[in-house]
Amino acid sequence: MTLRVRQWRKRQRELDQLLRYSDSDGEQEGIKNVPSVPGTPSSCNSDNVPGTPDRVMSDNALETSDDFDTDVDYWSTDLEQEPNEAEVTSFEDELRQWALEYKVTHRALNGLLSILRKQGHLLPVDCRTLLATPQHNTTEPKCGGQYKYYGLEKGICRYLSQMESNDVHLSVNVDGIPLFRSSGVQFWPILVKCGHFDPFIVAMFSGQSKPNPLENYLKDFVSEYKHLKDNGIVFKGQTYTVNIDALICDAPARAFLKCIKGHTAYESCE
């Protein structure tokens, strides 16, 4: 619990103590003799303090009245009520989604977090904590390296609510990405672009060489696409058809996927 929340609750307890000084015979006179508490108004006159009740209730009235809300700070108009933990989590989620949607740089997001923290928001100092990027990823040994399948339908469903038609057109890219000059470690992702939206990752392979055998590398993607091709995707009561329009690959990757000789080999012909 933060320091501001404890101070805010202390203010509520001080309010209850002030109200309990009054008795049923002379409420206003009892209030005048109450010593002032730092951070609270010196008078409990409802005409001077906006938002205070019309009259100060006695101990019995406080216990039996249903109209008096002890969760409301009647004494302060400029101190806002602190949000609970659920609201803080919701605000963090919205801020995270905004940063990811508009591709805000880490430097800009760190600057924004610094300003929001100075204004009293309970947010992390570093944007990497806010974005909650997983530090570990579950993979499986496959094709001579580590393999992770994310799913084709899962990626398509992100954009179905923004599509104007029920026809989903896909463009698929497969290519190798070297990571280091001094090592043979490389990535082989399967990327899919859905309409005019940004590409997303369907599968990822990492190893010292190309995935081998190729059939195991493409098996999950081909099986799921065949299922979506035959049955479509049902999303919010509507059925969407799925089709691959193009396979976008450079010459070496295209030869690798077709299991033919490369473009620099003798008698190479696609």
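Residues numbered from 1 in each chain as written. Predicted model: local features only at pLDDT ≥ 70, side-chain atom pairs only at ≥ 80, totals over all residues. Heavy atoms only, no water.

Report on the overall build of the chain, specifying residues and quantitative values.
From N to C terminus, the chain includes nine helices and eight strands. Taking all 270 residues of the chain together, 32% fall into the buried category. Residue pairs at least 24 apart in sequence account for 56% of intrachain contacts in the chain once pairs closer than 6 positions are excluded. (Helix = DSSP H or I, 4+ residues; strand = E, 2+ residues; numbered from the N terminus. Buried < 20%, exposed > 50% of the residue type's maximum accessible area, 1.4 Å probe, protein only. Contact = heavy atoms within 4.5 Å.)

Could you give me a rundown of the pattern of salt bridges, with the residues and numbers involved?
Under the defined criterion, the tally for this structure stands at four salt bridges. Across the pair Arg 96 and Asp 93 runs a salt bridge whose closest N-O atoms are separated by 2.7 Å. A residue pair is termed a helical-turn pair when its members lie 3 or 4 positions apart in one helix, as Arg 96 and Asp 93 do in helix H4 (residues 85–101) at three residues. One salt bridge connects Asp 126 with Arg 128, and the closest N-O pair in it is separated by 2.8 Å. The class for Arg 128 is exposed, based on a relative accessible area of 57%. (Salt bridge = Lys/Arg side-chain N within 4 Å of Asp/Glu carboxyl O.)

So, the pairing of strand S8 (residues 238–248): which residues are in play, and what are the values?
Of the pairings in the sheet, the one linking strand S3 (residues 167–174) to S8 comprises seven bridges and is parallel in character. Each bridged residue has a counterpart across the sheet, and for Asn 173 the counterpart in S8 is Ile 248. As paired strands, strand S7 (residues 233–235) and S8 are joined by three bridges and run antiparallel to one another. Bridge assignment links Ile 233 to a residue of S8, and that residue is Tyr 240. (Pairing = 2+ DSSP bridges.)

Describe unusual backbone geometry, and please don't skip the residues or the numbers.
The step from Asn 212 to Pro 213 runs through a cis peptide bond, and the omega angle for that step is 5 degrees. Here Pro 213 shows up in the loop between strand S6 (200–207) and helix H8 (214–231). One non-glycine residue, Lys 103, lies in positive phi territory at about 55 degrees. If you trace the backbone, Lys 103 turns up in the loop between H4 and helix H5 (106–118). By relative accessible area, which is 58% here, Lys 103 ends up exposed. The backbone of Glu 267 shows a phi angle near 55 degrees, a positive value even though the residue is not glycine. The topology assignment puts Glu 267 in the segment after helix H9 (251–258).

Break down the layout of surface pockets for me, citing the residues and quoting the values.
Its volume calculated, the largest pocket comes out at about 980 Å³. Those elements that provide at least two residues to the lining of the largest pocket are H4, strand S2 (145–149), helix H7 (152–156) and S6. Top contributing element to the lining of the largest pocket by residue count: H4, with three residues. Partitioned by chemical class, the residues of the lining of the largest pocket number 11 nonpolar, seven polar and six charged. (1 Å grid on protein atoms, 1.4 Å probe; cavity = no way out; pocket = protein on both sides within 12 Å on 5 of 7 lines; lining within 4 Å. Points joined across faces, edges and corners; volume = space filled by probe spheres on them. Nonpolar A, V, L, I, M, F, W, Y, C, P; charged D, E, K, R; others polar.)

Please set out the packing of aromatic side chains residue by residue, giving values where relevant.
Here the structure, examined in full by the defined rule, presents five aromatic pairs. When the ring of Tyr 159 is compared with that of Phe 197, the centres are 4.7 Å apart and the planes differ by 15 degrees; the resulting orientation is stacked. Remark: Phe 197 occurs in the loop between strand S5 (186–194) and S6 and Tyr 159 occurs in the loop between H7 and S3; sequence separation between them is 38 residues. Taking the relative accessible area as the measure of exposure, Phe 197 reaches 10% and is therefore buried. The interplanar angle of 50 degrees and the centroid separation of 5.1 Å between the aromatic rings of Trp 188 and Phe 256 together place this pair among those described as tilted. With a gap of 68 residues between them, Trp 188 in strand S5 and Phe 256 in helix H9 connect regions that are remote in the sequence. In this pair, the class of Trp 188 matches that of Phe 256, namely buried. Each residue in the set Tyr 159, Phe 197 and Phe 200 is aromatic and connected to the rest through ring pairs, giving one cluster. Here the basic side chain of Lys 142 rests over the ring of Tyr 147, its NZ or CZ set 4.4 Å away from the ring centre. Between the NZ or CZ atom of Lys 148 and the centre of the ring of Tyr 150, over which it lies, the distance is 5.8 Å. (Phe/Tyr/Trp six-rings, centres within 6.5 Å; stacked < 30°, edge-to-face > 60°. Lys NZ or Arg CZ within 6 Å of the ring centre and 35° of its normal.)

Any details on the confidence of the model for the chain? Residues and values, ideally.
Segments scoring low in pLDDT should not have their predicted coordinates read at a detailed level. Chain-level statistics for the chain give a pLDDT mean of 78 and a share of 71% at 70 or above. Within the chain, the lowest mean pLDDT, 44, falls on helix H3 (residues 59–64), and the highest, 96, falls on H8. Scored below 50 in pLDDT, residues 23–32 shows nine contacts in the model against residues more than four places distant or in partner chains. Segment residues 36–88: pLDDT under 50, and 69 contacts once partners within four positions in sequence are set aside and those in other chains are kept. (pLDDT = per-residue confidence, 0-100.)

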